[in-house]
Amino acid sequence: MKILAINRPVNEPVSISNRVDLLADSSIIHNNKPLFLPDEGEGFTGSIHPAVHICHVGRSISQKFALRYYDSFTLVLRVTPPANAEIPLGSAIDISFDSALGVGEWTSIQSVEGESVTFACDALTEPVTISIGSLKIDETVAMLSRYFTLKNGDIIIPSLSPLPTFPLQIDTRLTASVNSVQLLDLKIK
């Protein structure tokens, strides 16, 4: 299983020049499980991102057929460690450490079809509304499948920025929802 995250701003074109982060499967924390922050200290931040679940094996997928290769949608919590001069930005330790990605409940992709989705998180002051088209999911699946064989169970995060970040506090609960349906619920320890 792979987790591929595209460091691409929403509304920007999908391009191989965008950084692609490959996260380890050990970085996943599933919904309703506690998220233990590493012992390095305070300063961890989080951001909420939409993600899709790959349901078929595919390589060199045409953009017009990409919808056949993903079936579910969720929100993920991306945990970012505090700045550390010893750890280079973008290194595996910086982006793919254990518990770096909280994954919410999967919901059918048809449940979020439409013009836009609004997701809210109790750590954010205001809900965020994004256009489904701006995520460019089909283009992302097609581009990634030129370089990676996509397999059942893979997770793709089609855009990592510019969504708001927030500090993660120990002994708090973080929930996030899409169109008022709660998908993510994590206790931070």
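Structural data are supplied above this passage.
Residues numbered from 1 in each chain as written. Predicted model: local features only at pLDDT ≥ 70, side-chain atom pairs only at ≥ 80, totals over all residues. Heavy atoms only, no water.

**Comments concerning helix α3 (residues 137–145)**
Since the α-helix turns once every 3.6 residues, residues separated by three or four places project in the same direction. Of all the nine residues making up α3, seven are buried; the element is thus mostly covered by neighbouring parts of the structure. Taken together, the buried positions of α3 are Ile 137, Thr 140, Val 141, Ala 142, Met 143, Leu 144 and Ser 145. Tucked into the core, α3 has its buried residues touching β1 (3–7), β2 (19–23), β5 (45–54), β6 (70–80), α2 (132–135) and β11 (155–157). (Buried < 20%, exposed > 50% of the residue type's maximum accessible area, 1.4 Å probe, protein only. Helix = DSSP H or I, 4+ residues; strand = E, 2+ residues; numbered from the N terminus. Contact = heavy atoms within 4.5 Å.)

**Structural notes on the sheet that holds strand β14 (residues 181–188)**
An order of β4-β14-β13-β9-β10 is seen for the five strands of this open sheet, with the pairing classed as mixed. The open sheet has two free edges, formed respectively by β4 (34–35) and β10 (128–131), since each of these has just one partner strand. As defined by bridge partners, strand β9 (residues 116–121) adjoins β10 across four bridges and the pair is classed as antiparallel. When the bridges of β10 are listed, Val 117 appears paired with Ile 130. (Pairing = 2+ DSSP bridges.)

**Brief notes about the pairing of strand β13 (residues 172–178)**
Of all seven residues in β13, five are buried, a share of seventy percent or more. As defined by bridge partners, β9 adjoins β13 across three bridges and the pair is classed as antiparallel. Within β13, the residue paired with Ala 120 across the bridge is Ser 177. As judged from the seven bridges shared by β13 and β14, these two strands associate in the antiparallel manner. Considered in β14, the bridge of Ser 177 is made with Gln 182. Remark: two residues form the turn of the hairpin made by β13 and β14, two consecutive strands paired antiparallel; Asn 179 in that turn has positive phi of roughly 45°.

**A few points about the layout of surface pockets**
Of the voids in this model, the largest pocket is the one considered here, and its volume is about 320 Å³. If you trace the largest pocket, you find 19 residues lining it, with Arg 19, Arg 78, Thr 80, Asp 94 and Ile 95 closest to the centre. The set of elements that each furnish at least two residues to the lining of the largest pocket consists of β2, β5, β6 and α1 (92–95). With three residues, β6 is the single largest residue contributor to the lining of the largest pocket. (1 Å grid on protein atoms, 1.4 Å probe; cavity = no way out; pocket = protein on both sides within 12 Å on 5 of 7 lines; lining within 4 Å. Points joined across faces, edges and corners; volume = space filled by probe spheres on them.)

**A few points about the nonpolar core**
Side chains of a nonpolar character, in soluble globular proteins, are inclined to be buried together. Ile 48, Leu 77 and Val 141 are the most contacted members of the largest nonpolar core, which totals 44 residues. Not counting chain neighbours up to four residues away, the residues in contact with Val 141 comprise Ile 54, Ile 61, Ala 66, Tyr 70, Leu 150 and Ile 156. Core analysis: the next-biggest nonpolar cluster, separate from the first, contains 11 residues, Ile 28, Ala 51, Leu 101 and Leu 160 among them. (Core = buried A, V, L, I, M, F, W, Y, C linked by side-chain atoms within 4.5 Å.)

**Topic: the side chain of Ser 27**
By the secondary structure assignment, Ser 27 is in the loop between β2 and β3 (28–30). On the basis of relative accessible area, Ser 27 is assigned to the buried category, the value being 0%. When sequence neighbours within four positions are dropped, the list of residues in contact with Ser 27 reads Ile 3, Ser 96, Phe 97, Asp 98, Ser 99, Ala 100 and Leu 101.

**Things to note about unusual backbone geometry**
Although it is not a glycine, Lys 136 sits at a positive phi angle of roughly 50°. Within the secondary structure, Lys 136 is located in the loop between α2 and α3. In this structure, Asp 171 is a non-glycine residue whose phi angle is positive, near 65°. Relative to the elements of secondary structure, Asp 171 occurs in the loop between β12 (165–167) and β13.

Such coordinate-based values are descriptive only and should not be taken to indicate function.
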